[in-house]
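Chains, contacts and geometry: an overview
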Amino acid sequence: GNSVTQMEGPVTLSEEAFLTINCTYTATGYPSLFWYVQYPGEGLQLLLKATKADDKGSNKGFEATYRKETTSFHLEKGSVQVSDSAVYFCALSDRTDSNYQLIWGAGTKLIIKP
Amino acid sequence: ETGVTQTPRHLVMGMTNKKSLKCEQHLGHNAMYWYKQSAKKPLELMFVYSLEERVENNSVPSRFSPECPNSSHLFLHLHTLQPEDSALYLCASSQLSGGFSSYNEQFFGPGTRLTVL
């Protein structure tokens, strides 16, 4: 079956540090991959997405590259800010599966200290 | 602002109360979802409606009853809840187009924080 595995948090970094949050997946078909972010007290927002292998999604300084060979979609940012403190969720949608369901990772809490 | 609104934002209820959560999407989407988010647990999909027909019910207790009167509105009716039902309830919508190239990008509301006493 399809699944998503994220690194456990919390991840605590200082401002301007480099960020990597690991995400790996298993899928039987041809998944699209997503990163969602949830700021304190809010719902989830789509951060970036990639729909096929080697695509790079990017938004707000965050990037993730769809790596089919390693079944990964790691989230990176070169210089984090305090305002990036949030919970980040990796998710996949498999087009050969019922396409109304996203498969979610458990979420990784990111804490950025000034 | 994602185009999905939820009311109320906060709700406190006793175990014998009956209440309803409301979700409205202004995006013209054809699918809507209810999720439950509990502390230290993965996001749980509760219900899915596609074209106003329920297509998914992940073994949710009957004390939760969804209603989708049209493609823009979704309700979650609550009755005789338990304290363990306290959580953030998130509504989402998406446009399902089918076909090989489709993918499911969901747009979320801000959630209703529910506390059951």
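Quick look at the structure, then. Note that this is a predicted model, so its numbers are computed, not measured.

1. Quick look at the pattern of salt bridges
Enumeration over the complete set of coordinates arrives at 5 salt bridges over all chains. Lys 49 of chain A serves as the salt-bridge partner of Glu 105 of chain B, at 3.4 Å between the closest nitrogen and oxygen. Of this pair, Glu 105 of chain B sits in the loop between strand S9 (87–94) and strand S10 (107–108) while Lys 49 of chain A sits in strand S6 (residues 44–50), on two different chains. Linking Lys 52 of chain A and Asp 55 of chain A is a salt bridge whose minimum nitrogen-to-oxygen distance equals 3.3 Å.

2. Topic: unusual backbone geometry
For residues besides glycine, phi is generally negative; the peptide bonds are generally trans as well. Geometrically, the link from Gly 9 of chain A to Pro 10 of chain A is a cis peptide bond, its omega value of 0° lying close to zero. By the element assignment, Pro 10 of chain A lies in the loop between strand S1 (3–6) and strand S2 (11–14). Following Thr 7 of chain B, the chain continues to Pro 8 of chain B via a peptide bond in cis, the omega torsion being -10°. Relative to the helices and strands, Pro 8 of chain B resides in the loop between strand S1 (4–7) and strand S2 (10–13). Positive phi, close to 70°, is recorded for Glu 52 of chain B, a residue that is not glycine. Along the chain, Glu 52 of chain B turns up in the loop between strand S5 (44–50) and strand S6 (53–57).

3. With respect to the environment of Ala 53 of chain A
Residue and element names in this part refer to chain A. Here Ala 53 lies in the loop between S6 and strand S7 (56–59). Taking the C-alpha atoms as reference points, Ala 53 and Glu 63, 10 residues apart in sequence, are found 14 Å from one another. Sequence-distant contacts of Ala 53, that is, excluding residues within four places in its chain, are made with Tyr 66 and Lys 68.

4. Remarks on the nonpolar core
Residue and element names in this part refer to chain A. With 27 residues, the main nonpolar core has Trp 35, Leu 47, Leu 48, Phe 73, Leu 75 and Tyr 88 as its most contacted residues. Mapped by element, the contributors of at least two residues to this core are S2, strand S3 (19–21), strand S4 (23–26), strand S5 (31–38), S6, strand S8 (62–65), strand S10 (86–94) and strand S12 (108–113). No other element matches the 4 residues that S10 contributes to this core. Ignoring anything within four residues of it in the chain, the contact list for Phe 73 reads Cys 23, Leu 33, Phe 34, Trp 35, Leu 48, Lys 49, Ala 50, Ala 64, Thr 65, Tyr 66 and Cys 90.

5. As for the interface of chain B and chain A
In many reports, interface size means the accessible area that the parts give up when they come together. Each partner contributes to the interface: chain B provides 24 residues, whereas chain A provides 21 residues. When chain B packs against chain A, close to 1900 Å² is buried across both sides, 58% of that on carbon and sulfur atoms. There are 1 salt bridge connecting chain B and chain A. Joining chain B to chain A, the criterion identifies 6 residue pairs in polar contact (both at pLDDT 80 or more). Going through the elements one at a time, strand S4 (31–37), S5, S6 and S9 of chain B are the ones with two or more residues in the side of chain B that touches chain A. If one sorts the elements of the side of chain B that touches chain A by residue count, S4 of chain B sits on top with 3 residues.

About the thresholds
- Residues numbered from 1 in each chain as written.
- Chains lettered and ligands numbered in written order.
- Predicted model: local features only at pLDDT ≥ 70, side-chain atom pairs only at ≥ 80, totals over all residues.
- Heavy atoms only, no water.
- Salt bridge = Lys/Arg side-chain N within 4 Å of Asp/Glu carboxyl O.
- Helix = DSSP H or I, 4+ residues; strand = E, 2+ residues; numbered from the N terminus.
- Contact = heavy atoms within 4.5 Å.
- Core = buried A, V, L, I, M, F, W, Y, C linked by side-chain atoms within 4.5 Å.
- Buried < 20%, exposed > 50% of the residue type's maximum accessible area, 1.4 Å probe, protein only.
- Buried area = accessible area lost by both parts, 1.4 Å probe.
- Polar contact = N/O pair within 3.5 Å; in protein donor to acceptor, adjacent residues only side chain to side chain.

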